[in-house]
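Geometric and topological summary
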Amino acid sequence: MTGYSLKLMAIVLMLIDHIGFIFFYSRPEYYILRGLGRLVFPIFAFLIAEGCHHTGNPQKYLARLLAFAFLSEPIYDKAFSEVWLDNVYQNIFFTLFLGAVAVFLYRRFKYSSHKYLSYLFPFLMCIIAEVMNSDYGGLGVALIFFLFLARGRFSQQAGVIILVNLALVLRYSSLQLLGAFSIIPLYFYSGARGRDMRYFFYLFYPAHLAFLTLLKGLI
């Protein structure tokens with residue numbers, strides 16, 4: 001599977017997940033749809049780790065993630081909290097952004113005279129994610145960071161994904177255990193980028209939430 005294939009799989013599962021939350025909350029279908037959605041974040045975390053490795057312009061990469069974090073936030077709040085501005089939870093793009101910051105700061109200081117900062121700054125990014133209460137919080141940032149450190153060693157990456165999803169059970173629910181199954185499609189990742197449709201994937205997040213929220217209001 002290429003990076004494009006993984007992204008396509010992830011957004012389809014994300015759509016299924018959010019349909020479950022918005023339209024089937026507390027109904028039997030909710031658990032099935034949301035369970036499938038638990039595979040999404042580990043796949044995106046993996047792809048962010050890959051993107052951090054491949055990008056030739058870290059500043060532009062971070063700017064793009066942060067821009068879509070702010071663009072998505074009011075739509076995310078409306079979809080999940082039914083208000084346009086809710087400071088309690090922050091959308092997943094903030095977690096992806098902080099994870100990428102953790103990776104780039106690690107790379108910046110890894111071989112410097114201040115090598116200790118290469119691990120201090122990623123830890124601080126985890127703390128910021130917890131304070132912000134972004135999706136998956138500090139564990140989400142840690143997943144991106146450790147997937148980057150284990151890049152090229154799939155058994156270690158699989159172990160990280162399994163351990164983080166076990167820890168996330170304490171934060172969310174037992175459904176999070178299903179996130180460990182994301183290692184199956186990731187195992188077949190070829191390392192190839194595939195079609196370049198990065199902005200489509202970024203735009204899909206706020207666009208599909210806006211559409212589902214509008215549709216719910218019409219039903």
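Everything that follows concerns the structure shown earlier in this document.
Okay, so let's go over this structure. Worth saying up front: this structure is predicted, and the values here are computed from it rather than measured.

Basis of the calculations
Residues numbered from 1 in each chain as written. Predicted model: local features only at pLDDT ≥ 70, side-chain atom pairs only at ≥ 80, totals over all residues. Heavy atoms only, no water. Helix = DSSP H or I, 4+ residues; strand = E, 2+ residues; numbered from the N terminus. Buried < 20%, exposed > 50% of the residue type's maximum accessible area, 1.4 Å probe, protein only. Polar contact = N/O pair within 3.5 Å; in protein donor to acceptor, adjacent residues only side chain to side chain. Contact = heavy atoms within 4.5 Å. Axes fitted to C-alpha atoms, helices over the stretch in contact; angles between N-to-C directions. Parallel < 35°, antiparallel > 145°, perpendicular 65-115°, else oblique. Left-handed = near helix turned anticlockwise from the far one by under 90°. Nonpolar A, V, L, I, M, F, W, Y, C, P; charged D, E, K, R; others polar. Core = buried A, V, L, I, M, F, W, Y, C linked by side-chain atoms within 4.5 Å. Expected span 1.5 Å × (residues − 1).

1. Things to note about the side chain of Gln157
As for its position among the elements, Gln157 is in helix 8 (residues 154-171). According to the relative accessible area criterion, Gln157 is buried, its value standing at 5%. Polar contacts involving the side chain of Gln157 include one to the main-chain carbonyl oxygen of Leu147, which spans 3.0 Å. Contacts of Gln157, omitting those with residues within four sequence positions, involve Phe46, Leu147, Ala150, Arg151 and Gly152.

2. Observations concerning the side chain of Glu73
Structurally, the position occupied by Glu73 is in helix 4 (residues 58-81). Once you skip the residues sitting within four places of it in the chain, Glu73 turns out to touch Asp86, Tyr89, Gln90, Asn91 and Phe94.

3. Comments concerning the packing of helix 5 (residues 92-109) against helix 6 (residues 117-132)
As a packed pair, helix 5 and helix 6 sit with axes 7 Å apart at the nearest point and diverge in direction by 165°. As the angle between them shows, helix 5 and helix 6 are arranged roughly antiparallel. The two elements helix 5 and helix 6 cross, and the hand of that crossing is right-handed. Judged by residue contacts, Phe94, Leu98, Val101, Ala102, Leu105, Tyr106 and Phe109 of helix 5 engage Leu117, Ser118, Tyr119, Phe121, Pro122, Met125, Ile128, Ala129 and Met132 from helix 6. Partitioned by chemical class, the residues of the contact of helix 5 with helix 6 number 15 nonpolar, 1 polar and no charged.

4. Points about the nonpolar core
Proteins that are soluble and globular tend to have nonpolar side chains buried together. Core analysis: the largest hydrophobic core is formed by 65 residues, its most contacted members being Leu65 and Leu96. Of the residues forming this core, the biggest block, 12 residues, is contributed by helix 5. The residues touching Leu65, leaving out its near neighbours within four places in the chain, are Ile48, Phe93, Leu96, Phe97, Ala100 and Tyr202.

5. Regarding helix 5
Look at helix 5: 26 Å from first C-alpha to last across 18 residues, which is about the 26 Å you get at 1.5 Å a residue. Most of helix 5 sits inside the fold, with 15 of its 18 residues counted as buried.

6. Some points on helix 3 (residues 40-54)
Look at helix 3: 21 Å from first C-alpha to last across 15 residues, which is about the 21 Å you get at 1.5 Å a residue. In terms of burial, helix 3 is a largely internal element, 13 of the 15 residues being buried.

7. With respect to unusual backbone geometry
Note on backbone geometry: most residues besides glycine have negative phi, and most peptide bonds are trans. Of note in this structure, Glu82 is not a glycine but carries a positive phi near 65°. In this structure, Tyr136 is a non-glycine residue whose phi angle is positive, near 70°. Among the structural elements, Tyr136 can be located in the loop between helix 6 and helix 7 (137-149).

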